[in-house]
Amino acid sequence: MNEGPYEVPPDAVALGERVNLRLPNEMDRDAFCRLVLASGEHLRRWVLDPAALDDPNGTRWFDSILGANATGRSQKLLVHRIRDRELLGTMNVNEIVRGAFQSASLGYWIGAAHARRGYMSDALAAVLRYVFEAERLHRVEANIQPGNEASIALVRAAGFRQEGYSPRYLKVTGAWRDHERWALTVEDWRDGDAQARHGP
Ligand SMILES: CC(C)(COP(=O)(O)OP(=O)(O)OC[C@H]1O[C@@H](n2cnc3c(N)ncnc32)[C@H](O)[C@@H]1OP(=O)(O)O)[C@@H](O)C(=O)NCCC(=O)NCCS
């Protein structure tokens, strides 16, 4: 669904049909904290960031995002709706490794009020174009708890394949949780893109 045309934000690093992705700055702090506060239960079960757990309004979480981006090893991006510039969620390109690996790990969440409207599918398509074309990565992965149906549906629809299963892979909300490892290489992404355009 295209809601455009809209003015393209000058600082966007990636553009979807209805959302844009950009790096956060201090001016985003209030909107970020409001979104976290309004989304507590929706995020609590699945979101990794330990700072969030005893940080109900997300202030320290926001600090950790700015800190991680400053290292250059992550690009934690904010997802805004283009139509009205509303902050919807985040799309994080984590653990960027260059050299022979050219890989990164994706993490994402959307505010409770905005879920199930296709925004994250749009954001994921946009970030994939960004990492594969602009950043020239070769592979991205997403580690997802087996019961997280929304997240699995999201990456599956984008062409990720399940590569493996990692017992007690990440500490989420205080315990080591099993995760499925889903990944997409640039070759599979290009093939999927070509199929979407021309049919199988
Ligand atoms: C996972 C998440 C980011 C998806 O965002 P979203 O904007 O709701 O996703 P979309 O509306 O683009 O939907 C993507 C797919 O997931 C499916 N989906 C969305 N919510 C779902 C749910 N609660 N249960 C089952 N499927 C769901 C949609 O039907 C769609 O599938 P389709 O393309 O086959 O139709 C969101 O649910 C979220 O923030 N969850 C909490 C945080 C989280 O789990 N982060 C990921 C950790 S690995």
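Residues numbered from 1 in each chain as written. Predicted model: local features only at pLDDT ≥ 70, side-chain atom pairs only at ≥ 80, totals over all residues. Heavy atoms only, no water.

Novice: Provide a residue-level description of the overall build of the protein, including the pertinent values.
Specialist: For the protein, the count of helices and strands is seven helices and eight strands. Taken against the 2.2 N^0.38 rule, which gives 16 Å for 200 residues, the C-alpha radius of gyration of the protein at 16 Å falls within 12% of a compact globule. Principal-axis analysis of the C-alpha atoms gives the protein an extent of 45 × 45 × 35 Å. Buried residues in the protein amount to 46% of all 200 residues. The long-range fraction of contacts in the protein, counting pairs at least 24 apart against all pairs at least 6 apart in sequence, stands at 60%. Total accessible area on the protein stands at roughly 10,800 Å², and carbon and sulfur atoms take up 51% of it. (Helix = DSSP H or I, 4+ residues; strand = E, 2+ residues; numbered from the N terminus. Rg over C-alpha atoms; globule rule 2.2 N^0.38 Å. Buried < 20%, exposed > 50% of the residue type's maximum accessible area, 1.4 Å probe, protein only. Contact = heavy atoms within 4.5 Å. Areas by Shrake-Rupley, 256 points an atom, 1.4 Å probe, with all protein chains shown as cover.)

Novice: Describe helix 1 (residues 29–38), listing the residues and the values that go with them.
Specialist: Counting along an α-helix, one turn takes 3.6 residues, and residues three or four places apart therefore face a common direction. Within the span of helix 1, buried status applies to Arg29, Phe32, Cys33, Leu35 and Val36. Considered in projection along helix 1, the buried side chains sweep an arc of 160° and stay on one side of the axis. Exposed and facing more than 90 degrees away from the buried side of helix 1 are Asp30, Arg34, Leu37 and Ala38. The inward-facing, buried residues of helix 1 contact helix 2 (40–44), helix 4 (59–71), strand 3 (75–81), strand 4 (87–97) and strand 5 (103–110). (Arc of directions from axis to C-beta.)

Novice: Let's hear about the pattern of salt bridges: which residues, and what values?
Specialist: A full pass over the atoms with the stated rule returns 12 salt bridges. The partner of Arg83 in a salt bridge is Asp84, and the shortest N-O contact between them spans 3.9 Å. Judged by relative accessible area, which is 43%, Arg83 ranks as partly exposed. In this structure Asp84 comes out as partly exposed when scored by relative accessible area, which is 36%. Arg161 is paired through a salt bridge with Asp188; the nearest N and O atoms lie 2.3 Å apart. (Salt bridge = Lys/Arg side-chain N within 4 Å of Asp/Glu carboxyl O.)

Novice: Give me unusual backbone geometry: which residues, what numbers.
Specialist: With a phi close to 55°, Arg136 is a non-glycine residue in the positive phi region. With respect to the helices, strands and loops of the structure, Arg136 is situated in the loop between helix 5 (119–134) and strand 6 (139–144). Residue class for Arg136 comes out exposed when judged on its relative accessible area of 64%.

Novice: Could you give me a rundown of the environment of Leu37, with the residues and numbers involved?
Specialist: The topology assignment puts Leu37 in helix 1. Linking Leu37 and Arg129, residues 92 residues apart in sequence, is a C-alpha distance of 31 Å.

Novice: Kindly report on the site of the ligand, identifying the contributing residues and their values.
Specialist: The ligand sits among 22 residues. The nearest are Tyr108, Arg116, Gly118, Ser121 and Asn148. Contacts to the ligand include Met120, whose backbone N or O atom sits 3.1 Å from an oxygen atom. The protein chains hide 75% of the 920 Å² of surface that the ligand would expose on its own. Within the residue set of the shell around the ligand, elements represented by two or more residues are strand 5, helix 5, strand 6 and helix 6 (149–157). Along the lines of polarity and charge, the residues of the shell around the ligand split into 13 nonpolar, six polar and three charged. (Near = heavy atom within 4 Å. Polar contact = N/O pair within 3.5 Å; in protein donor to acceptor, adjacent residues only side chain to side chain. Nonpolar A, V, L, I, M, F, W, Y, C, P; charged D, E, K, R; others polar.)

In short, the description is geometric, and any link to function would need to be established separately.
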